[in-house]
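Residues per chain, in single letters:
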Amino acid sequence: MRITSVLAFLLVLMAISVPDAVMSADDQAWRQRVSTGPVEMTSDDVTEEIRFGREVAARLIGRYGLYNNDPLTKYVNLVGNSIATNSNRPELKYYFAVLNTSEINAYAAPGGYIFITKGAIDKMQDESEMAGVVAHEMGHINGKHVVKELDIKATEGSAVSGLARLIGGGTESARLAFSKAVDQAMDTLFKTGYKREDEIQADKGSVMLCAVAGYDPAGLIRYFERINAVKGKSTEVLDKTHPAYDARIILLKDTIKEAAIDPAALKTNKDRFAEAIKTVK
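Residues numbered from 1 in each chain as written. Predicted model: local features only at pLDDT ≥ 70, side-chain atom pairs only at ≥ 80, totals over all residues. Heavy atoms only, no water.

**Quick word on the pattern of salt bridges**
Item 1. Tallied over the entire structure, the rule returns 14 salt bridges.
Item 2. One salt bridge connects arginine 59 with aspartate 183, and the closest N-O pair in it is separated by 2.9 Å. Of this pair, arginine 59 sits in helix H3 (residues 43-64) while aspartate 183 sits in helix H9 (residues 172-192), and the two are 124 residues apart along the sequence.
Item 3. Judged by relative accessible area, aspartate 183 falls into the partly exposed class, the value being 35%.
Item 4. What emerges from the salt-bridge pattern is a single network uniting Asp126, Glu129, Asp216, Arg222 and Arg226. (Salt bridge = Lys/Arg side-chain N within 4 Å of Asp/Glu carboxyl O. Helix = DSSP H or I, 4+ residues; strand = E, 2+ residues; numbered from the N terminus. Buried < 20%, exposed > 50% of the residue type's maximum accessible area, 1.4 Å probe, protein only.)

**Focus on empty space enclosed by the protein**
Item 1. With the rule as written, the count across this model stands at three cavities of 30 Å³ or more.
Item 2. Counted as a void, the largest cavity has a volume near 120 Å³.
Item 3. Around the largest cavity sit 15 residues that line it, and Val133, Glu137, Tyr223, Phe224 and Leu238 are the ones nearest its centre.
Item 4. Going through the elements one at a time, helix H6 (127-142), helix H11 (219-228) and helix H13 (245-258) are the ones with two or more residues in the lining of the largest cavity.
Item 5. Looking at the second largest cavity, its volume works out to about 70 Å³.
Item 6. Those elements that place two or more of their residues in the lining of the second largest cavity are strand E2 (106-109), H6 and H9.
Item 7. Across the lining of the second largest cavity, the residue classes break down as four nonpolar, six polar and one charged. (1 Å grid on protein atoms, 1.4 Å probe; cavity = no way out; pocket = protein on both sides within 12 Å on 5 of 7 lines; lining within 4 Å. Points joined across faces, edges and corners; volume = space filled by probe spheres on them. Nonpolar A, V, L, I, M, F, W, Y, C, P; charged D, E, K, R; others polar.)

Set out below in structure tokens:
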């Protein structure tokens, strides 16, 4: 079933957002430490990133549909926004939703759109695991991995000749160019995957994002270990587009150790997670 971009965006906005928490001085200092350094970007570039990501989000919703469960959607937004509070991209508003599929995966669209599949949630056992998955996907957005790969910006020199003009462009060539760029982004999510260094950056970033939010960063390790044992159609896309789990687990453990983080001192919120997923069918 095909969903128009406008309708899909409205559906995404239905995800119930939790007000952002006020950042402490320590959190603000952390943002400075994990920042990848100055990046040349304008407010127009951010606007085009959001518009582009909105269309990618529409495609994802059109492919799977949203899981119609308001309490679960609210809960995912609660977890997601607790992570987003510590993101190093304060110019973005993040949206979180659950895709109605048994496939095990999660997706990030440029501009702040993050989706977890119902199948992925079925494999989770506590809130820190969900936080780890969300933080990983947020790492792709924070690192602007798709944005950089496709050169998404508002200038005439961009790979798609300025997405602002293309989105509103009335010519067939403009529409085709924009559609091709979105197709490339979808190929990254479903066929080719992110660059290896981008996956590494997202995994490392998930450790710090979770720890600063108070979550046990080893939650992502436990989740990886569990889904690594699952083989079949439900993990087909995930296995094809991501590096081997063994290597990622080693990387996560090393990152936690190097950062001197004590996972036992941080929260898993297992009981709250169990209560939140009672309505999942």
